[in-house]
Structures are given as C-alpha cells and as structure tokens.
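Spelled out from the first residue to the last, the chains are:
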Protein chains: 2
Amino acid sequence: MSQAWYLVSRPAGMPTMENFALRDVPASPLAAGEVRIANRWVSVDPYMRGRMNEGKSYVPPYALDAPMEGGAVGEVIESASSDFVPGDKVLHMGGWRDEAVLPATEVEKLPADLGVSDTAWLGMLGLPGFTAWFGLLSIASAKPGDIVFVSAAAGAVGSAVVQIAKAKGMTVIGSAGGPEKCAWVREIGADAVIDYKEEGSLVRKLRTVAPNGIDVYYDNVGGDHLDAAIALSNDHARFAICGMTSIYNGGGATQLRYAPKIIGSRIRIEGFIYSDFEARRPEFLQGMTELLKSGKITTRETIHEGLAAMPDAFIGLFSGGNTGKMLVKI
Amino acid sequence: MSQAWYLVSRPAGMPTMENFALRDVPASPLAAGEVRIANRWVSVDPYMRGRMNEGKSYVPPYALDAPMEGGAVGEVIESASSDFVPGDKVLHMGGWRDEAVLPATEVEKLPADLGVSDTAWLGMLGLPGFTAWFGLLSIASAKPGDIVFVSAAAGAVGSAVVQIAKAKGMTVIGSAGGPEKCAWVREIGADAVIDYKEEGSLVRKLRTVAPNGIDVYYDNVGGDHLDAAIALSNDHARFAICGMTSIYNGGGATQLRYAPKIIGSRIRIEGFIYSDFEARRPEFLQGMTELLKSGKITTRETIHEGLAAMPDAFIGLFSGGNTGKMLVKI
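As the structure is a computational prediction, the values presented were derived from the model and not from experiment. (Residues numbered from 1 in each chain as written. Chains lettered and ligands numbered in written order. Predicted model: local features only at pLDDT ≥ 70, side-chain atom pairs only at ≥ 80, totals over all residues. Heavy atoms only, no water.)

### With respect to the relation of the copies chain A and chain B
Formally: When the copies are superposed, the least-squares fit draws on C-alpha atoms of residues that have pLDDT of at least 70 in both.
Of the transformation placing chain A onto chain B, the axial shift is 0.0 Å and the rotation is 180 degrees, giving an RMSD of 0.0 Å. What the rotation and shift describe, once combined, is the action of a two-fold rotation axis.

### Some thoughts on unusual backbone geometry
Applied cut-off: Numbering of helices and strands runs from the N terminus; a helix is a DSSP stretch of H or I covering at least four residues, while a strand is a stretch of E covering at least two. To sort residues, take the accessible area from a 1.4 Å probe on protein chains only and compare it with the maximum for the residue type: under 20% means buried, over 50% means exposed, and anything in between is partly exposed.
Phi is positive for Arg 266 of chain A, close to 50 degrees, though the residue is something other than glycine. Among the secondary structure elements, Arg 266 of chain A is positioned in the loop between α7 (261-264) and β14 (268-271). Here Arg 266 of chain A falls in the buried class, since its relative accessible area comes to 11%. Of note, His 236 of chain B is a non-glycine position whose phi angle comes to about 60 degrees, a positive value. Assignment of secondary structure puts His 236 of chain B in strand β12 (residues 233-241). With relative accessibility at 40%, the residue His 236 of chain B sits in the partly exposed group.

### Quick notes on the pattern of salt bridges
Using the following cut-off: By definition here, a salt bridge exists when the distance from a side-chain nitrogen of Lys or Arg to a carboxyl oxygen of Asp or Glu is within 4 Å.
Counted by the stated rule, this structure contains 36 salt bridges over all chains. Glu 283 of chain B is paired through a salt bridge with Arg 280 of chain B; the nearest N and O atoms lie 2.9 Å apart. Accessibility expressed as a relative area gives 39% for Glu 283 of chain B, which makes it partly exposed. Here the salt bridges do not stand alone but share partners, grouping Arg 36, Glu 78 and Glu 99 of chain A into one network.

### Here's the deal with the interface of chain A and chain B
By convention, interface size is frequently given as the accessible area that disappears when the constituent parts associate. Using the following cut-off: What makes two residues a contact is simply this: any of their non-hydrogen atoms within 4.5 Å. Here the buried area means the combined drop in accessible surface, using a 1.4 Å probe, for two parts upon being joined, counting both sides. In the analysis that follows, any N or O atom pair within 3.5 Å is treated as a polar contact, provided that within protein one partner can donate a hydrogen and the other can accept it, and provided that, for residues neighboring in sequence, both atoms belong to side chains. Ten residue types, Ala, Val, Leu, Ile, Met, Phe, Trp, Tyr, Cys and Pro, are classed as nonpolar, four, Asp, Glu, Lys and Arg, as charged, and the remainder, Gly among them, as polar. Strands pair, by our definition, only if DSSP identifies at least two bridges between them.
Taken residue by residue, the interface counts 28 residues in chain A and 28 residues in chain B. Surface buried jointly by chain A and chain B totals about 2300 Å² across both partners, of which 65% is contributed by carbon and sulfur atoms. Together, Ile 263, Arg 266 and Ile 269 of chain A form the three largest contributors to the area buried by chain A at its contact with chain B, with a combined 26%. At the boundary of chain A with chain B, the tally comes to 2 salt bridges. Note that Arg 266 of chain A is salt-bridged to Asp 276 of chain B, the shortest N-O span being 2.7 Å. Connecting chain A to chain B are 8 residue pairs in polar contact (both at pLDDT 80 or more). If you list the elements that add at least two residues to the side of chain A that touches chain B, you get β12 (233-241), β13 (254-256), α7 and β14 of chain A. By residue number, the principal contributor to the side of chain A that touches chain B is β14 of chain A, which donates 4 residues. Here the residues of the side of chain A that touches chain B sort into 16 nonpolar, 7 polar and 5 charged. Note: β14 of chain A against strand β14 (residues 268-271) of chain B, 3 bridges, orientation antiparallel.

### Some words on the packing of helix α5 (residues 202-209) of chain A against helix α6 (residues 223-231) of chain A
Residue and element names in this part refer to chain A. Put simply, the rule is: Here, axes are lines fitted to C-alpha atoms. For helices the fit covers the stretch in contact, and angles between N-to-C directions go from 0 to 180 degrees. For classification, angles of less than 35 degrees are called roughly parallel, those exceeding 145 degrees roughly antiparallel, those between 65 and 115 degrees roughly perpendicular, and all remaining angles oblique. Left-handed describes a crossing whose near helix is turned anticlockwise from the far helix through less than a right angle; right-handed describes the clockwise counterpart.
The geometry of α5 relative to α6 is characterised by a closest axis approach of 9 Å and an angle of 45 degrees between their N-to-C directions. Taken together, α5 and α6 sit at an angle that is classed as oblique. α6 is crossed by α5, and the crossing has right-handed handedness. Between α5 and α6, the contacting residues are Leu 202, Val 203 and Leu 206 on the first element and Asp 224, His 225, Ala 228, Ala 229 and Ala 231 on the second. Residue composition of the contact of α5 with α6, grouped by class: 6 nonpolar, 1 polar and 1 charged.

### Points about the pairing of strand β1 (residues 2-7) of chain B
Residue and element names in this part refer to chain B. Within β1, 5 of the 6 residues are buried, leaving the element largely enclosed by the surrounding structure. Where β1 and strand β2 (residues 20-25) come together, 6 bridges link them in antiparallel fashion. Residue pairing across strands places Trp 5 opposite Leu 22, the latter belonging to β2.

### What to know about the environment of Ser 2 of chain A
Residues and elements named next belong to chain A. Relative to the elements of secondary structure, Ser 2 occurs in strand β1 (residues 2-7). Ser 2 sits 299 residues away from Glu 301 along the chain, and the two C-alpha atoms are 26 Å apart. Apart from residues no more than four positions distant in its own chain, Ser 2 is found in contact with Arg 23, Asp 24, Val 25, Asp 98 and Glu 99.

### Digging into the side chain of Lys 181 of chain B
All names here are of chain B. Rules: When charges are counted, neither His nor the chain ends are considered; positive counts come from Lys and Arg and negative counts from Asp and Glu.
In this structure, Lys 181 sits in helix α4 (residues 179-187). No salt bridge is formed by the buried Lys 181; the nearest opposite charge belongs to Glu 180, separated by 8.9 Å. Of note is the side chain of Lys 181, whose polar atom sits 3.1 Å from the backbone oxygen of Asn 322.

### Re the sheet that holds strand β10 (residues 192-195) of chain A
On the basis of which strands lie adjacent, the open sheet formed by 12 strands has the order β10(A)-β9(A)-β8(A)-β11(A)-β12(A)-β14(A)-β14(B)-β12(B)-β11(B)-β8(B)-β9(B)-β10(B) and mixed pairing. Every interior strand has two partners, whereas the edge strands, β10 of chain A together with β10 (192-195) of chain B, have only one. On average, each strand axis in the sheet is inclined to that of its neighbour by 15 degrees, with strand direction left out of account. Strands in contact with helix α4 (residues 179-187) of chain A are β9 (171-176) and β10 of chain A; relative to β10 of chain A, the strand with the most contacts, it is inclined by about 165 degrees. Packing against the sheet, α6 of chain A makes contact with β8 (147-150), β9, β11 (214-219), β12 and β14 of chain A, and its axis sits at approximately 155 degrees to β12 of chain A.

### So, the nonpolar core
We apply this condition: Put simply, buried Ala, Val, Leu, Ile, Met, Phe, Trp, Tyr and Cys residues joined by side-chain atoms within 4.5 Å make one nonpolar core.
Core analysis: the largest hydrophobic core is formed by 104 residues, its most contacted members being Trp 96, Phe 239 and Phe 314 of chain A together with Trp 96, Phe 239 and Phe 314 of chain B. Sequence-distant contacts of Phe 239 of chain B, that is, excluding residues within four places in its chain, are made with Ile 139, Tyr 217, Leu 226, Ala 229, Ile 230, Ser 233, Ile 267, Arg 268, Ile 269 and Glu 270 of chain B.

### Looking at the domain arrangement of chain A
All names here are of chain A. How we decide: Reported domain spans reflect what an automatic or database domain assignment gives.
When its domains are assigned, chain A resolves into domain 1 (3-123 + 299-329) and domain 2 (127-274). With centres defined by C-alpha atoms, the gap from domain 1 to domain 2 works out at 28 Å. Of the residues lining the interface, 18 residues belong to domain 1; the matching set on domain 2 comes to 13 residues. Across the domain 1 to domain 2 interface the summed buried area is about 1400 Å²; carbon plus sulfur atoms make up 59%. Remark: the boundary between domain 1 and domain 2 carries 0 salt bridges. Inspection of the domain 1/domain 2 interface yields 4 residue pairs in polar contact (both at pLDDT 80 or more). Counted by class, the side of domain 1 that touches domain 2 contains 7 nonpolar, 7 polar and 4 charged residues.

### Side note on the packing of aromatic side chains
Aromatic rings in a pair are described by how distant their centres are and how their planes are angled relative to each other. Heads up, the rule is: Within 6.5 Å between ring centres, the rings of Phe, Tyr and Trp (the latter by its six-membered ring) count as paired, and their orientation is classed by plane angle as stacked under 30 degrees, edge-to-face over 60, tilted in between. Placement of a charge over a ring requires the Lys NZ or Arg CZ to be within 6 Å of the ring centre, with the centre-to-atom vector within 35 degrees of the ring normal.
As enumerated under the stated definition, the model contains 24 aromatic pairs over all chains in all. Both rings, one in Phe 130 of chain B and one in Phe 284 of chain B, keep their centres 5.3 Å apart while their planes meet at 85 degrees; by these two values the pair is edge-to-face. Of this pair, Phe 130 of chain B sits in helix α2 (residues 127-139) while Phe 284 of chain B sits in helix α9 (residues 281-294), and the two are 154 residues apart along the sequence. Through successive ring pairs, a cluster of aromatic residues spans Phe 130, Trp 133, Phe 134, Tyr 218, Phe 272, Phe 277 and Phe 284 of chain A. Above the plane of the ring of Phe 84 of chain A lies Lys 109 of chain A, whose end atom (NZ or CZ) is 5.2 Å from the centre.

### Overview of the side chain of Asn 19 of chain A
With respect to the helices and strands, the residue Asn 19 of chain A is situated in the loop between β1 and β2 (20-25). Non-local contacts of Asn 19 of chain A, meaning those with residues more than four positions away in its chain, are made with Tyr 6, Leu 7, Val 8, Ser 9, Arg 10 and Pro 11 of chain A.

### Focus on the packing of helix α2 (residues 127-139) of chain A against helix α3 (residues 156-167) of chain A
Residues and elements named next belong to chain A. Contact pair α2 / α3: the axes reach a minimum separation of 8 Å and the direction vectors enclose 50 degrees. Here α2 is positioned oblique relative to α3, judged by the angle of their axes. Of the two elements, α2 crosses α3, and the hand of that crossing is right-handed. Facing Pro 128, Gly 129, Ala 132, Trp 133, Leu 136 and Leu 137 of α2, the residues of α3 in contact are Ala 156, Val 157, Ala 160, Val 161, Ile 164 and Ala 165. Grouping the constituent residues of the contact of α2 with α3 by class yields 11 nonpolar, 1 polar and no charged.

So this is what it looks like as structure tokens:
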C-alpha cells in the first residue's frame, strides 16, 4: 500500500500540519503507457506555497482532497511502456508520495553517464538551478564584472546564483540568516555576505559591503531586501524577481521607501517563471553540467527522512530550516 | 533690469513661496559667443521638484541662492554669436527668469517652417512629448492592440501618451482627478477614464474599465496607481516608470499589496529618463510633427501670466492645477 500527502485545507498564512493529511492510496494496475515509480527523493520548494492558495496563478492550484504534486526522483518498478524498464532512474512531478503512477510521457529518464548525483536533478540540474541560471543570465542580463546581490543566498536557488555568478566572473554579495549560513555562502564563493537577521537596517548593511553599489539583484524574498537593493542600485541595474518568500505566507504590503530611485537609476525590475525558459533547457543542462564537473559548483542538501516528514520539511523552507536544497529521502 | 527666481531654501515636502525669491539680476555685457534672450514662455515641470532636493540625482540639484533652470522659449534680443541674430526664436534651459544670457551652443533655433505653435516646443515637441514617446514606445515596448493604462492622463506627459497610443492603434485607459479632467481625457481619445478622486478603490475602478487587464502601464504618479496597475496586469505587461508625483513631496513608502504578481504575471517595470534617448531626438521630432500636423494630437495648456506667478504655477503641478501643459507667459 502506497501513501500520498493530500492537501485537506488551504493555509491562511504559514501552513500547519492541519493543512495536510497522509493517506493510503489503493494499488491499481497500470494502464497501457504508464509506469510505476518508487520515489527515492521528493522535493519541497517555496513555489508550492502559491499552489496551496485558491485562485488563478501561473500554475494551477493544488486541488483539495487530492495528492499534491512536486519534483521527485525515483526508480521504475513496473512498466507498461516500451520506453522504460524496471530499474530506470527517472525524474518526474509525482512527488509528495512514495509511489507514483504516471504516463511515460510525463517521466524523464536520468542520463546515466553524467557522473552527477541523483539528487542533483532536484537541485542544481533541476528547478532551482534552472531558475537561477535564466534569472541571472537572461532576465537580469548579468555579465562579467557586474556586482550581483542575491537574497536567500544559502537557499537552493540562491546558492546556485552565487556560484554561477562567480563562475562567470561577477562580484557577488549574498544575504542569508544567521552566522552559519553566512559562513557557508562565503565558502561557496560570495565576496561579501550580510546577515539579515542581525540587528540594524538592511540598507546600511548592504551599503557597507557594496560601497560601489550593485548592478544586479536576484530577488528570492521581496520586501525589505527589494527595497534595499533599489536603494543601492547603480544606473541601469537589472532585477530578476524570482520569489518573495517574505510574503508568501502573508505579511502585508511590500513597502518601497526608495521607489523613486527606480526612475533616477533607471532600474529594470522583471518577474519571471522558469517555464518561460523550457525551450532553452538543453543550453542550461550543458552549461550547468560543465560547471558541476569542473568543481565550480558545490551542492549542499538539507535532508529530512521519510515521507511522514514532508510537511515539516516544507514549512521549514519559510523559517530558515534549510541550507542548500531541502529534500526528503524516502 | 531683468529678474530671476532663486531657490533660497530646500522644500521639506510640498514647496511653499518661502522656498523661492524673485531677485533682480544686474545687466552685464555679452561675452563672445553668448546670446541674450527675452523669454516669452517658461516651463514648469514635475521633475524640477527633484532638483530642489539636496544630494545626488540624475540631474544635479539646483544650487541655493542661484537662479533656477528650466525649459523656456524666447527671442534673441542681442547676439555675440554668428549663429544667431536678434529676432530668432529659440528653445533653451534658461527658464525661471525673464531674460537669459547663454552660450550660443546651449541654445536651439526653432525651425520656422513647421507650422506649430511656439509653446509646442515646451509641450508636445518638448520634454513632455519626448518623454511620452520613448517611455511608451521604447521602454514599455507598446504596440498596436495593446491595452495601455496611463496615470495623470490630463497632464502634459499623460495627455501625450494617450494620444500617441491612440494614433498607434492601442486601447487607452486614462486616470485623472475630477470630472472636468476626465472629460477632457476622453475627448482626446481615451477609450475609458477613471477618476482617482472619486471614492472607492483604485483597483476596483481599474478592474471595471479593464475587464481584459492591461498590457502596458505608463506611470506618472507611483503609489496606489502603480499597485493597481500591477493588480490588473496581463502576462508580460510592461511598465514605463516616468514619474512618481504622488511621493515627490513626501508621503512615505510606496505600498505594493500586489507585489507577488510581478512574478506571476512576469511584469517588467523599468524606470527611465528622457536624456537616455537624446540621440534619438530626430526620430521623435519627425514622428511627433507628423502627428501634430495630421491633427491626431490635440494640445491644451494651462497658462499663468507673468514671471511673478511662476512658483504658484509650479506648486499647482502637485495639486491638480493643470490640464495639459502648465506654462507661464512672460
């Protein structure tokens, strides 16, 4: 008997255990073209919070009283498709459960010969790496020599941004919460780090480490970080707005005290979603694989054990619970 | 004896008469290469408020106890330059005074044969028209078929945006304050108008007239209008951030309740300054002159009489004192 996490009520603000229920899923035979996958790694990502809300968004909301979805890596254990045989390692969106039954067309076989870990497909080679890559290089048009500021720099996306930027010859300033995370962000290459949890104004902290201003801001959190980035922007700075974790669970309006500087410094602020870049996935895979193999990218994971721990892992994303990619091992 | 307006103290919030002093300027002989101009029309524009503050901005601040600058149209009355003779009509930045002495290199002769009014050079063919043109067509990449929202639509820049957009085949929604201005905005071609002074939420008002959302927002005011534009944005909407008159005189932080939609709708928000487009002035002059001649652009002016009235005219820009271009006739 397999199990899956159901969304049973929509969170108001920060999600709690009461919003989720782990339910048995009756076994059913495969239809033609389907595969059965035993999940080994399931991913929790901040964007999932948006899918827990009702209403139109760029991805459809999770249905109530149905299993949730998310990135997962597993092993095919039964196949009714000529494209897969038992033992194949695969990447797919049937996460939040220990066993997934999916049409083969929605499942991607992992290349065996790349010499990267299975979990990389949920991290640096997965959604976080992909989002970091195109946000930095395409949306923010970051180029060698730029001074790049990135928030949530110890997170899955942020730590990818730090390292891609360094590998491409940029100066990087990261923001993270607490001395341990800040030390790690410096370890993976950031030229300077600010601890947003330390007392004092974010603008003043950023000014101290960015005496020459910033050219690029990669935003994962919104709110005060966005305002501070505007305050320190050089002329024609470019902002890639990837996430606003500071307000996904409520917290009111974004307060921009430095808004007029958007004009004065001719700042370009642009939101984006990874799926807009699907067609350019091969370009990303090649570039990121090269960086991984060359050792220029270090990965780090925060791992929770067992499907039962999944809501805790997810909620931890919003309370600083992870350094690097947050994963659940099944 | 000529006179000029001096900035004698920096305004805190809304400027008052106490910040300005009208002083006699002793006559001095022309140096080689200079011209003396009797100003006929002097311009007041919202951007001047920024120059009254201390500190770094995209244009240097006005010096204290010195004559202010600004756009002006006048007539050469004395020339020590071979490029000008008395009687030449000219455009220059020696405003805020009745007589200007300038190097000929800083003075532009008005083409005599265009068949446009002298004041057009401070309006549709001047800074406001120029700013409207490149903000709409270049920064916001507006194209035929787009639904364009423009704030301060009865102002000098806004009324230019409305008419350029209509002439180029866009649908236009304007925002203005009060029934009279709203009626005029509809008269010059807007498909719909909202009165921001009427009771009720700006988001709800905009939703009513933009049931299919907006593709472009031309921002002259910032604040609630910016937030409402984000709320109603279609995917890949483009915002040209030209001005934030709602906060030039204080008023606290910009509150964006809909900030996360910058991501969901992949909005591009970009600030700009007219001077970034100086090199493309010929393209603008040709396009705008054609529109003026074809009758597709209506101009309207709010005129104060006499140099003494200039601070009042300027302050009026921030309290809804003008419909169309605000000018002072000398």
